[in-house]
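What the coordinates show
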Amino acid sequence: MTIAVIGTGFVGVVTAAVYASFGHKVFGLDIDQKKINKLKKSQVPFHEPQLEDLLKETQKKNHLSFTTSYQEAIQSADLIIVAVGTPSTIDGGVDLKYVFACAESLAPYLKSEAVVVVKSTVPPGTLDLVRDKIKSRTKTKFNLASLPEFLREGSAVNDTLHPDRIVIGAENQTTFELLGELHAPLKAPIVRVRPESAQMAKYAANAYLAMRITFINQVADICEKSGADIEEVISAIGYDKRIGAHYWYPGPGYGGSCFPKDVKELAHFFKQMGKTDNLFVKINQLNSYRINLLLTDYGRKVGGFKDKQILVLGLSFKPNTDDLREAPSTKFIPQLIKLRAQIIAFDPVVKQKTAQAVFGQYLESGSLIIEDELDDLTNSADAIFLLTEWSELISLDYSRFRNGTKPQWLFDIRNRLNPVQVRKWGFKYQGIGRQG
Ligand code: UDX
């Protein structure tokens, strides 16, 4: 079938490339000419493992092409997938302006009976609004569906090729069949539901995972003060099949482009229903305060951050991506600089150029230096913050950063280092909820 994917962010590009790899004719469409020019040359504008190879392979076979022309992408498409951003509004709601702009722009070129699929994360009820937008510009008959994505940055290609399930929210049998056929090669369970349920499933899944992380962080905080060790606690409760030992390593709180936003949006929906005091408001609050609380504790330990040299390891919000959205580094670094610390940072993929947009003012003032190579880092730091669990950072021999008998702290905010080893190297160790 012929497919148009609108929006070439990480969800759009991965989706387009994977469908093209099944042999469909896929157009990736975006209004950003610069991005399209890069993608035409199989250059991925962000860091995502395996994606460049998939782009090269599918473009070479002429299964995938990129364009800025709505007419070119839409006129022959049986399926149009909207994968544009849905940023938050100031009050925590969702801004649907890009989804609506797509609906209006695609409408004049729609082929009869084409299916318009909303993949962007949108609240229940959005398809009715999209329908109105399209209908205001065309008399052509079309179908609508909701197809939420559950892929993770850093493993997006693998997640798309090996999903736990495909959720299809549609209004009629023909649409279920078309989308079922599209996903058949994945051999994944297909859940057929109404569009509103598909949309809510996305929010519920992300909010549940965010709650799980918030929960374990809270338990970790109690552990630290009570002589218990969170890793031992997880190993003990994880045997309960209802709970499991997966997906809840304690840390600085959840970040990234999805969890913070989706939890805030759920809180907002609830507020709009008159339920101001709801679970999602609390999860969001606890997660937002977390880094400040950690810093207060660490500040006490190092005797204040003023004039201290801090080595920050890891800038991206998680490994295998260069995404800085809601990354712990974007909270730790400004706070530490405000407390008059001097920061040297290193990340395997986030280099000066990518960091400029977020950390520009600190880089210019010289309070933050980002080194390109691990070998450029010296042993002068008073404290090391391990912020992202990149494999090359958790397997490092940290003794290289020891400086004689100088007291140095190692704050392992991902609990990925061995406290006994770290102490043997001569550091003072602080993990999350650990006793060492
Ligand atoms: C998430 C969902 O997993 C995915 O299904 C959805 O489509 C988009 O949002 P992503 O944001 O890429 O994906 O990353 P994920 O690996 O889920 O981590 C999210 C955040 O939670 C990160 O900040 C991570 O560090 C944190 N996290 C995750 C923890 O603190 N502890 C954990 O156990 C797991």
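In this report, the structure presented in the accompanying data block is examined. Because the structure is a prediction, the values reported are computed rather than measured.

So, about the overall build of the protein chain. Scanning the protein chain from terminus to terminus reveals 16 helices and 14 strands. Against the globule reference of 22 Å for 436 residues, the protein chain gives a C-alpha radius of gyration of 24 Å, in line with a compact fold. Overall, the protein chain is about 75 × 45 × 40 Å in size when its C-alpha atoms are taken along their principal axes. Looking at the protein chain residue by residue over its 436 residues, the buried ones come to 54%. Pairs at least 24 residues apart make up 73% of the contacts formed inside the protein chain by residues separated by at least 6 positions. Accessible area of the protein chain: about 19,700 Å², with a carbon and sulfur share of 52%. With 54 positive and 48 negative side-chain charges, the protein chain shows a spacing of 2 Å between the two charge centroids.

This part takes up the site of the ligand. Not every one of the 18 residues close to the ligand is listed here, only the nearest: F150, E153, Y247, Y249 and G255. Here an oxygen atom of the ligand sits 3.3 Å away from a polar atom, N or O, in the side chain of E149. The backbone of E153 places a nitrogen or oxygen atom 2.7 Å from an oxygen atom of the ligand. Isolated, the ligand exposes 660 Å² of accessible area, and the fraction of that covered by the protein chains is 95%. No other element matches helix α9 (residues 195-226), which puts three residues into the shell around the ligand. The residue inventory of the shell around the ligand, partitioned by class, reads ten nonpolar, two polar and six charged.

As a further point, take the packing of helix α1 (residues 10-21) against helix α3 (residues 51-60). Look at α1 against α3: their axes get within 9 Å of each other, and the N-to-C directions meet at 45 degrees. Taken together, the axes of α1 and α3 are oblique relative to one another. The two elements α1 and α3 cross, and the hand of that crossing is left-handed. Side by side, α1 and α3 meet where V13, V14, A17, V18, A20 and S21 of the first sit next to L51, L54, L55 and T58 of the second. Residue classes in the contact of α1 with α3 are distributed as eight nonpolar, two polar and no charged.

This part covers the sheet that holds strand β12 (residues 383-386). Taken in spatial order, the six strands make up an open sheet running β11-β10-β9-β12-β13-β14, and their pairing is parallel. What marks the edges here is a single partner per strand, and that holds for β11 (368-371) and β14 (428-430). On average, each strand axis in the sheet is tilted by 20 degrees relative to the strand beside it, whichever way the strands run. Bridge count between strand β13 (residues 409-412) and β14: three bridges; the pairing is parallel. Paired with F411 across the two strands is Q430, which belongs to β14.

Here we come to the packing of aromatic side chains. Taken as a whole and assessed by the stated rule, the structure comprises 13 aromatic pairs. Pairing Y298 with F385 gives two aromatic rings, centres 5.8 Å apart and planes at 65 degrees, and the pair type is edge-to-face. With a gap of 87 residues between them, Y298 in helix α12 (residues 279-302) and F385 in strand β12 connect regions that are remote in the sequence. According to the relative accessible area criterion, F385 is buried, its value standing at 0%. Taken together, a centroid distance of 5.5 Å and an interplanar angle of 5 degrees make the contact between W409 and F411 stacked. In terms of burial, W409 and F411 fall into one category: buried. Through a chain of ring-to-ring contacts, three or more aromatic side chains come together here, namely Y298, F305, F332, F385, W409 and F411.

Before going further, it helps to spend a moment on the sheet that holds strand β2 (residues 25-29). Here we have eight strands laid out as an open sheet, ordered β3-β2-β1-β4-β5-β6-β7-β8, and mixed in their pairing. The sheet is open, and its two edges are formed by β3 (64-67) and β8 (190-193), each paired on a single side. Taken pair by pair, the neighbouring strands of this sheet meet at an average axis angle of 25 degrees, ignoring direction. In the sheet, strand β1 (residues 2-6) pairs with strand β4 (residues 79-82) via four bridges, with the strands oriented parallel. The residue of β4 that forms the bridge with I6 is V82.

A few words now on the environment of T67. Relative to the assigned elements, T67 resides in strand β3. Residue class for T67 comes out buried when judged on its relative accessible area of 4%. Residues T67 and I36, spaced 31 residues apart in sequence, show a C-alpha to C-alpha distance of 6.3 Å. In contact with T67, not counting residues within four places along its chain, are F27, G28, L29, D30, I36, E72 and A73.

Time to look at the pairing of β11. Only one face of β11 is buried, namely the one carrying L368 and I370, since none of I369 and E371 on the opposite face is buried. Bridging between strand β10 (residues 342-346) and β11 involves four bridges; their strand directions are parallel. Across the sheet, I344 pairs through a bridge with I369, a residue of β11. Considered for its hand, the β-α-β crossover made up of β10, helix α14 (residues 352-365) and β11 is right-handed.

Okay, the pattern of salt bridges next. Using the criterion set out here, one finds 21 salt bridges in the structure. Between K133 and E104 there is a salt bridge, with the nearest N and O atoms lying 3.9 Å from each other. Taken together, the residues K133 in helix α6 (residues 126-135) and E104 in helix α5 (residues 97-106) connect sequence positions 29 residues apart. Here R131 and D128 are joined by a salt bridge, their closest N and O atoms 3.1 Å apart.

Rules behind the numbers
- Residues numbered from 1 in each chain as written.
- Predicted model: local features only at pLDDT ≥ 70, side-chain atom pairs only at ≥ 80, totals over all residues.
- Heavy atoms only, no water.
- Helix = DSSP H or I, 4+ residues; strand = E, 2+ residues; numbered from the N terminus.
- Rg over C-alpha atoms; globule rule 2.2 N^0.38 Å.
- Buried < 20%, exposed > 50% of the residue type's maximum accessible area, 1.4 Å probe, protein only.
- Contact = heavy atoms within 4.5 Å.
- Areas by Shrake-Rupley, 256 points an atom, 1.4 Å probe, with all protein chains shown as cover.
- Lys, Arg positive; Asp, Glu negative; His and termini not counted.
- Charge placed at Lys NZ, Arg CZ, Asp CG, Glu CD.
- Near = heavy atom within 4 Å.
- Polar contact = N/O pair within 3.5 Å; in protein donor to acceptor, adjacent residues only side chain to side chain.
- Nonpolar A, V, L, I, M, F, W, Y, C, P; charged D, E, K, R; others polar.
- Axes fitted to C-alpha atoms, helices over the stretch in contact; angles between N-to-C directions.
- Parallel < 35°, antiparallel > 145°, perpendicular 65-115°, else oblique.
- Left-handed = near helix turned anticlockwise from the far one by under 90°.
- Pairing = 2+ DSSP bridges.
- Phe/Tyr/Trp six-rings, centres within 6.5 Å; stacked < 30°, edge-to-face > 60°.
- Right-handed = clockwise from strand over helix to strand, strands pointing away.
- Salt bridge = Lys/Arg side-chain N within 4 Å of Asp/Glu carboxyl O.

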